[in-house]
Amino acid sequence: MERPTPTDVEHEVTNIDMIVSKSDEAGNITYTNPIFMKISGYSQGELLDQPHSLLRHPDMPKVIFKYLWDNLKEGKDVTAFVKNLCKDGGFYWVLAQVRVAKNPDGSFRNYVSTRKKISDSAKEAIGALYAKLLEIEKSEGIEASEKALMDFLAENGQSTETFNDYMTQLNQAA
Ligand SMILES: Cc1cc2nc3c(=O)[nH]c(=O)nc-3n(C[C@H](O)[C@H](O)[C@H](O)COP(=O)(O)O)c2cc1C
């Protein structure tokens, strides 16, 4: 599928929207709920078996996805802000909670992402952080951007241990 050309048209995520998808171990989509299709503009047929990176927006720093996968591979859930690219080139921001679901015998079942609306203050703060991380990635590479992300956490009295709670807190801040 040809990648859409990004536009500055924002698609609204409302207070009651819960955008859900599930994936296999590689991140390929195995399930999406109707609101996922409505907001992204893709049909179920266009989404199933496709990698989640179909939605990857060029404004997203690589380090956020590295952080996501490093944690998922260790069996840890991640809560992170994501800007996604729609089929029509528009975008939407969400706070995604990605967790590892297990079978009763403890084996891997799937990854489940539940996404909700983000606050205007989070959009502003995270938009600025991500722009900075992207810039660092382009000029100095991903290691420098990873350091900048850790510095951001430390400057705010946080760490990777408190990352998820801090992201949730940022979304609630007025
Ligand atoms: C359950 C799950 C949901 C994901 N949802 C998204 C998403 O909504 N948008 C996105 O860009 N990446 C999402 N990802 C991350 C992608 O797998 C991928 O790492 C990311 O798009 C970067 O792609 P790239 O490394 O090919 O550039 C998700 C991963 C998982 C496991």
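Attention here is on the structure that accompanies the text. (Residues numbered from 1 in each chain as written. Predicted model: local features only at pLDDT ≥ 70, side-chain atom pairs only at ≥ 80, totals over all residues.)

### Regarding the overall build of the protein
Step number 1: In terms of helices and strands, the protein carries six helices and five strands.
Step number 2: Along the protein, helices and strands appear, N-terminal first, in the series β-β-α-α-α-β-β-β-α-α-α.
Step number 3: Principal axes of the C-alpha set define a box for the protein whose edges measure 45 × 45 × 35 Å.
Step number 4: Residue pairs in contact within the protein that sit at least 24 positions apart in sequence constitute 55% of those at least 6 positions apart. (Helix = DSSP H or I, 4+ residues; strand = E, 2+ residues; numbered from the N terminus. Contact = placed C-beta atoms within 7 Å.)

### Thoughts on the site of the ligand
Step number 1: The environment of the ligand is formed by 17 residues, the closest being G27, H52, S53, Y111 and S113.
Step number 2: Those elements that provide at least two residues to the shell around the ligand are β1 (19-23), α3 (62-73), β3 (78-85) and β5 (108-116).
Step number 3: Here the shell around the ligand takes three residues from α3, the largest share from any one element.
Step number 4: A breakdown of the residues in the shell around the ligand according to their chemical character gives nine nonpolar, seven polar and one charged. (Near = placed C-beta within 6 Å. Nonpolar A, V, L, I, M, F, W, Y, C, P; charged D, E, K, R; others polar.)

### Regarding the nonpolar core
Step number 1: A80, F81, Y92, V94 and I118 are the most contacted members of the largest nonpolar core, which has 30 residues in total.
Step number 2: Mapped onto this core, the elements with two or more residues apiece are α1 (34-40), α3, β3, β4 (91-102) and α4 (120-140).
Step number 3: Here this core takes six residues from β4, the largest share from any one element.
Step number 4: Y92 has contacts with E10, H11, V13, I39, N84 and C86, leaving out every residue within four places of it along the chain. (Core = buried A, V, L, I, M, F, W, Y, C linked by C-beta atoms within 7 Å. Buried ≥ 20, exposed ≤ 12 C-beta atoms within 10 Å, placed from the backbone.)

### A look at the environment of E46
Step number 1: Structurally, E46 is set in helix α2 (residues 44-47).
Step number 2: With 15 C-beta atoms counted inside 10 Å, the residue E46 sits in the partly exposed group.
Step number 3: Between the C-alpha atom of E46 and that of M1, which follows or precedes it by 45 residues, the distance is 8.8 Å.

### Looking at the pairing of β5
Step number 1: As paired elements, β1 and β5 share five bridges and run antiparallel to each other. Looking at β5, one finds that I19 is bridged to R115.
Step number 2: Bridge count between β4 and β5: eight bridges; the pairing is antiparallel. When the sheet's bridge partners are listed, L95 is paired in β5 with K116. (Pairing = 2+ DSSP bridges.)

### Considerations on α4
Step number 1: End to end, α4 covers 30 Å across 21 residues, agreeing with the expected 30 Å (1.5 Å per residue, within 8%).
Step number 2: Burial in α4 covers these residues: A122, I126, Y130, L133 and I136. All buried residues of α4 fall inside an arc of 120° around its axis, so they share one side. Of the exposed residues in α4, those oriented more than 90 degrees away from the buried face are D120, E124, A128, A131, K138 and S139.
Step number 3: Where the residues of α4 are buried, they touch α3, β3, α5 (142-155) and α6 (163-172).
Step number 4: Directly beyond the C-terminal end of α4, a positive phi value near 100° is found at G141. (Expected span 1.5 Å × (residues − 1). Arc of directions from axis to C-beta.)

Honestly, it's all geometry; don't read function into it.
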